[in-house]
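# A structural walkthrough
Here is how the chains run, residue by residue.
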Amino acid sequence: FISASGYHVFVVLRAVAIAGTNGTVYLNDGVIADGGAGWWGLYLKDNGGAYEAHGFHWDSGVKEAVATGFVLGADCLLEWSFDGSVIRCSLGDGGDVNTTGVGNVGSLANPVSIGTGASSSLFLNGAVAAVLVCNVRLLDTEIRNVRASLSSRYGVTA
């Protein structure tokens, strides 16, 4: 469904509460996730009152990127991408990015769920307005165009 060699995922959402506080990312509030053995996904976590978005891979160990500064009750644009070697996760304009190098062997595969995680009973407490999944890592100009389109349509920062 999503290539191991690269992808880009955009999600427009509003979370009203985040229950997940677990150190194991896939046991937190799921936004979009692989329901299979890979436990890939985009998750939300309450890190002691500091809300975070985690772009997460698991193959031979945990590999993730974290975007901090998530605001409850606000419409936002989350991005999660992989270029074949580095995971990225960002809020809004892509300026708040924490990256992690990976040697990944898997891919986001069926069944894929929106609004829940791979192995957690923690659902997204909020609403998803849009999900755009690209099975390639987009060029910078393409990323800017998608952000501008989603910003115009949903009023999120881009």
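Please refer to the structure higher up on the page.
For the structure given in this document, a descriptive report is provided here.

The rules behind these values
- Residues numbered from 1 in each chain as written.
- Predicted model: local features only at pLDDT ≥ 70, side-chain atom pairs only at ≥ 80, totals over all residues.
- Heavy atoms only, no water.
- Helix = DSSP H or I, 4+ residues; strand = E, 2+ residues; numbered from the N terminus.
- Expected span 1.5 Å × (residues − 1).
- Buried < 20%, exposed > 50% of the residue type's maximum accessible area, 1.4 Å probe, protein only.
- Arc of directions from axis to C-beta.
- Contact = heavy atoms within 4.5 Å.
- Phe/Tyr/Trp six-rings, centres within 6.5 Å; stacked < 30°, edge-to-face > 60°.
- Pairing = 2+ DSSP bridges.

## A word on helix H1 (residues 140-154)
- Taking 1.5 Å per residue, 15 residues should reach 21 Å; H1 reaches 21 Å between its end C-alpha atoms and fits that length.
- Listing the buried residues of H1 in full gives Ile143, Val146, Arg147 and Leu150. Down the axis of H1, the sector holding all buried residues measures 100°, keeping them to one side. Facing away from the buried side of H1 by more than 90 degrees, the exposed set consists of Asn145 and Ser152.
- At its buried positions, H1 is contacted by strand E1 (7-17), strand E6 (76-82) and strand E10 (125-134).

## Observations concerning the packing of aromatic side chains
- Evaluation of the coordinates by the stated rule reveals six aromatic pairs.
- Geometrically, the ring pair formed by Tyr7 and Trp40 is tilted, given 5.7 Å between the ring centres and 45° between the ring planes. Here Tyr7, found in strand E1, pairs with Trp40, found in the loop between strand E2 (29-34) and strand E3 (41-47); they are 33 residues apart in sequence, far enough to count as distant. With respect to burial, Tyr7 and Trp40 carry one shared label: buried.
- Each ring, one from Tyr7 and one from Phe82, has its centre 5.9 Å from the other, and the planes form 35°; the classification is tilted. Here the residue Tyr7 occupies a position in strand E1, and Phe82 occupies one in strand E6, the gap between them amounting to 75 residues.

## Concerning the pairing of E6
- A large share of E6 lies buried, amounting to seven of its seven residues.
- Of the two faces of E6, the one lined by Cys76, Leu78, Trp80 and Phe82 and the one lined by Leu77, Glu79 and Ser81 are each fully buried.
- Here seven bridges tie E1 to E6, and the two strands are oriented antiparallel to one another. When the bridges of E6 are listed, His8 appears paired with Ser81.
- Here E6 pairs with strand E7 (residues 86-91) via five bridges, running antiparallel. Looking across to E7, one finds that Leu78 is bridged to Leu91.
- Once E6 ends, the chain turns through three residues before running back antiparallel as E7, passing Gly84 with a positive phi of about 100°.

## Here's the deal with the pairing of E1
- With respect to burial, E1 is a largely interior element, eight of its 11 residues being buried.
- For E1 and E10, the ladder comprises nine bridges, and the chain directions are antiparallel. Bridge assignment links Val11 to a residue of E10, and that residue is Val131.

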